[in-house]
Amino acid sequence: MKIVIDGFGGDNAPDEILKGAALAVNGLGIDVAVTGEVDVLKARMAALKIPENGIELVPAEGVITTEDNPMSVAKQKSGTSMGVAFKMLADGKADAFISAGSTAAIVVGGRTYAKRIEGVKKAALVPLMPCSGGKRFCVLDGGANINCTPEMLRLFAILGSCFMKTTMGVANPRVGLLNNGTEDEKGRELEHETKALLEKTPINFVGYVEAREVPLGAVDVLITDGFTGNVFLKACEGMGVLMKDALKSMFFANIITKLGALCVKSKLTEFTKQMDYKEIGGSPLLGTAKPVFKAHGSSDAKAFFGAFRQAKMFVENNAIEEMTKAVSALEALEGGAENG
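Notes on the structure in this doc start here. For clarity, every value in this text was computed on a predicted model and none was experimentally measured.

To continue, consider the state of the cysteines. Inspection of the entire model under this criterion finds zero disulfides. The structure places no disulfide on Cys148, whose sulfur is separated from the nearest cysteine sulfur, that of Cys138, by 14 Å. No disulfide involves Cys236; its sulfur sits 11 Å from that of Cys131, the nearest cysteine. Residue Cys236 is classed as buried on the basis of its relative accessible area, which comes to 19%.

Note that Gly54 resides in the loop between helix H2 (38–47) and strand E3 (55–59). Residues Gly54 and Met88 lie 34 residues apart in sequence; the distance between their C-alpha atoms is 17 Å. Beyond its immediate chain neighbours, meaning those up to four positions away, Gly54 contacts Val25, Asp31 and Val32.

A separate point is the sheet that holds strand E5 (residues 124–125). Pairing in this open sheet of seven strands is mixed, and the strands run E3-E2-E1-E4-E12-E11-E5 from one edge to the other. At either margin of the open sheet sits one strand with a lone partner, and together these are E3 and E5. In the sheet, strand E2 (residues 31–36) pairs with E3 via five bridges, with the strands oriented parallel. Note on E3: the bridge partner recorded for Val34 is Leu57. Across the sheet, helix H4 (residues 103–114) is in contact with strand E4 (96–99), E5, strand E11 (282–286) and strand E12 (292–295); its angle to E12 comes to roughly 170 degrees.

Each regular strand carries side chains that alternate between the two faces of the sheet. Of the two faces of strand E6 (residues 128–131), the one holding Leu128 and Pro130 and the one holding Met129 and Cys131 are both buried throughout. With four bridges connecting them, E6 and strand E7 (residues 135–140) associate as antiparallel partners. Looking at the pairing, Cys131 lines up with Lys135 of E7. Taking the residues that link successive antiparallel strands as the turn, the E6-E7 hairpin has three residues, and the phi of Gly133 there is positive, at about 80 degrees.

Right, let's get into the packing of helix H3 (residues 81–90) against H4. Between H3 and H4, the shortest axis-to-axis distance is 9 Å and the interhelical angle comes to 30 degrees. The pairing of H3 with H4 is recorded here as roughly parallel in orientation. Once H3 is placed against H4, the crossing between them reads as right-handed. Listed contacts from H4 to Met82, Gly83, Phe86, Lys87, Leu89 and Ala90 of H3 are Ala105, Ile106, Gly109, Gly110, Tyr113 and Ala114. A per-class count over the contact of H3 with H4 returns eight nonpolar, three polar and one charged.

On to the side chain of Thr80. Along the chain, Thr80 turns up in the loop between E3 and H3. Residue classification places Thr80 among the buried residues on the basis of a relative accessible area of 4%. One polar contact links the side chain of Thr80 to the main-chain carbonyl oxygen of Lys77, over a distance of 2.7 Å. Excluding its chain neighbours within four sequence positions, the residues that come into contact with Thr80 are Ala60, Glu61, Gly62, Val63 and Ile64.

So, about the packing of aromatic side chains. Taken as a whole and judged by the stated rule, the model has five aromatic pairs. Chaining the aromatic ring pairs together yields one cluster made of Phe86, Phe97 and Tyr113. Over the ring of Tyr208 we find Lys195; its NZ or CZ atom is 5.5 Å from the centre of that ring.

The next subject is a positive patch on the surface. A surface patch of like charges, here positive, comprises Arg111, Lys115, Arg116 and Lys122. Position of Arg111 among the secondary structure elements: in helix H4.

What counts, and where the lines are drawn
Residues numbered from 1 in each chain as written. Predicted model: local features only at pLDDT ≥ 70, side-chain atom pairs only at ≥ 80, totals over all residues. Heavy atoms only, no water. Disulfide = S-S within 2.5 Å. Buried < 20%, exposed > 50% of the residue type's maximum accessible area, 1.4 Å probe, protein only. Helix = DSSP H or I, 4+ residues; strand = E, 2+ residues; numbered from the N terminus. Contact = heavy atoms within 4.5 Å. Pairing = 2+ DSSP bridges. Axes fitted to C-alpha atoms, helices over the stretch in contact; angles between N-to-C directions. Parallel < 35°, antiparallel > 145°, perpendicular 65-115°, else oblique. Left-handed = near helix turned anticlockwise from the far one by under 90°. Nonpolar A, V, L, I, M, F, W, Y, C, P; charged D, E, K, R; others polar. Polar contact = N/O pair within 3.5 Å; in protein donor to acceptor, adjacent residues only side chain to side chain. Phe/Tyr/Trp six-rings, centres within 6.5 Å; stacked < 30°, edge-to-face > 60°. Lys NZ or Arg CZ within 6 Å of the ring centre and 35° of its normal. Patch = residues over 30% accessible without salt bridge, like charges linked within 9 Å, V, L, I, M, F, W, Y side chains within 5 Å. Areas by Shrake-Rupley, 256 points an atom, 1.4 Å probe, with all protein chains shown as cover. Salt bridge = Lys/Arg side-chain N within 4 Å of Asp/Glu carboxyl O. Lys, Arg positive; Asp, Glu negative; His and termini not counted. Charge placed at Lys NZ, Arg CZ, Asp CG, Glu CD.

In structure tokens, the structure reads:
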């Protein structure tokens, strides 16, 4: 298996990307292609003492920044590190794509180069978040589509359910619709119409769910529009940082609390690991016909290794094939209902 990564995407490129690639080659048994200015990449690999075995350096010029027009990834800037990586995916020279670069450009590139699963009009960014019991839940949409229709959200529910089943090993994922209450009258027209559709969809739909219940493990798949989903995610991330800082202040206040910290060190380590985005590494762009992953902009080598691991699992478990089947089954169900 070969996974291509945008060698100059993100805050810590290219050093942390190259280190993460080396970890993936050794730890996951995959080949990695890194796109970018080859002379620079070779010099950094030599300085970091990273062996070239398993790592292919692919020539590309320039970088797409957050200030650039996202559409340029398929036009004026198709020769950049991100554009060339997407071209490798499109041409079948790589099994999956990873970038820590511009989210908007990744969404455009996924739609342009990777195409979409037949029947899917919009792809959704799907971050994984921690919840009670050391588990994870996913959010669709995490920010790729600000304005969503009920039909889009129903497809996101199907895609998210397939992802959690195939890649995360959840046998029967619970799908919940984010709302400001669980009563039928709560919510906007979007939530009301989406709920009516999800109740007729072949998934494990558990109804409306409030934001405070999600981190407690209420659902495996959280469905909402991209604007609300992104606000929810950032609020959760902020609370995670707050809790981590509060625990640090509490346990390192004095010698007595430091002794207490030693007594619960293993549990603190578990908690910190669960809250660390680096453990997951990447969020898939679901709905594309080829695997596309977005890594956190500030990813280090550990986080990039996590992204490679996610992408490998995604490919090995035929996630896109399962999503394609599920979308086709929905269309057949709708067609049968109309004919009936």
